[in-house]
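Remarks on the overall topology
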Amino acid sequence: QVQLVESGGGLVPAGASLRLSCAASGGIFSNYPMAWFRQAPGKEREFVAAISYIGSTTGYADFVKGRFIISRDNAKNTVYLQMNSLKPEDTAVYYCAARLIRSWPAPKVSEYNIWGQGTQVTVSS
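Quick summary incoming for the structure in this document. (Residues numbered from 1 in each chain as written. Predicted model: local features only at pLDDT ≥ 70, side-chain atom pairs only at ≥ 80, totals over all residues. Heavy atoms only, no water.)

1. What about the sheet that holds strand β3 (residues 18–25)?
- Read from one edge to the other, the open sheet built from four strands follows the order β1-β3-β8-β7, with strand pairing classed as antiparallel. Strands with a single pairing partner mark the edges of an open sheet, and in this sheet they are β1 (3–7) and β7 (68–73). Each adjacent strand pair in this sheet contributes to an overall mean axis angle of 15 degrees, direction not counted. (Pairing = 2+ DSSP bridges. Helix = DSSP H or I, 4+ residues; strand = E, 2+ residues; numbered from the N terminus. Axes fitted to C-alpha atoms, helices over the stretch in contact; angles between N-to-C directions.)

Written out as C-alpha cells, the structure is:
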C-alpha cells in the first residue's frame, strides 16, 4: 500500500518562497508519475504540477509557470515543489498524488490513485 506524506507548508508573506516535500512509502516510487494539486476553501481541487516517473518530463498549470518547480529524488522516494514569488492567491491546501501507471497523465484529479493528507500554505498580503 503506497502512502504519501507531505510537509513544508506554512505561513509566509507575499513574495516569499517555500519548498514542499512529499515522502512516499510502501511501493516502488520510481515507477510512478507524481503530481501536486491544491485546493482553496470553497474551490475544487486543481492541478499544479506533475513529473514523470524518471523525472525527465514535467508539466505545470499556467498560473505557476515560471514560479514553481517540481522535482523528484527517486533514491529518497521524495517529490518536491519549490514555490517562489508566492502570491496570496496561492493560499491553499497542497496535496501530493501518485499515479500507479507509468503513462503520462492528463492534469486531472481522476488520473491519480493515491493521495497524501495535504499541507497548508498560507500567503499573506
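Further notes follow.
2. Details of the state of the cysteines
- Summed over the entire model, instances satisfying the criterion amount to one disulfide.
- Each sulfur in the disulfide pair C22 and C96 lies 2.1 Å from the other. With the S-S bond torsion at -75 degrees, the cross-link from C22 to C96 turns out left-handed. Of the two residues, C22 sits in strand β3 while C96 sits in strand β9 (residues 92–98), which places them 74 residues apart along the sequence. (Disulfide = S-S within 2.5 Å.)

3. Some words on the nonpolar core
- Residues L4, M34, W36, V79, L81, M83 and Y94 are the most contacted members of the largest nonpolar core, which totals 36 residues.
- Where this core is concerned, the elements lending two or more residues are β3, β4 (34–39), β5 (46–51), β7, β8 (78–83), β9 and β11 (119–124).
- When residues no more than four places from it in sequence are discounted, the contact partners of M83 are A16, S17, L18, L20, R67, F68, Y94 and V121. (Core = buried A, V, L, I, M, F, W, Y, C linked by side-chain atoms within 4.5 Å. Buried < 20%, exposed > 50% of the residue type's maximum accessible area, 1.4 Å probe, protein only. Contact = heavy atoms within 4.5 Å.)

4. Quick word on the pairing of β4
- With respect to burial, β4 is a largely interior element, five of its six residues being buried.
- The pairing of β4 with β5 spans five bridges and is antiparallel. Residue W36 lies in a different strand from β5, and its bridge partner there is A49.
- Linkage of β4 to β5, two consecutive antiparallel strands, is achieved through a turn of six residues, within which G42 is found at a positive phi near 75 degrees.

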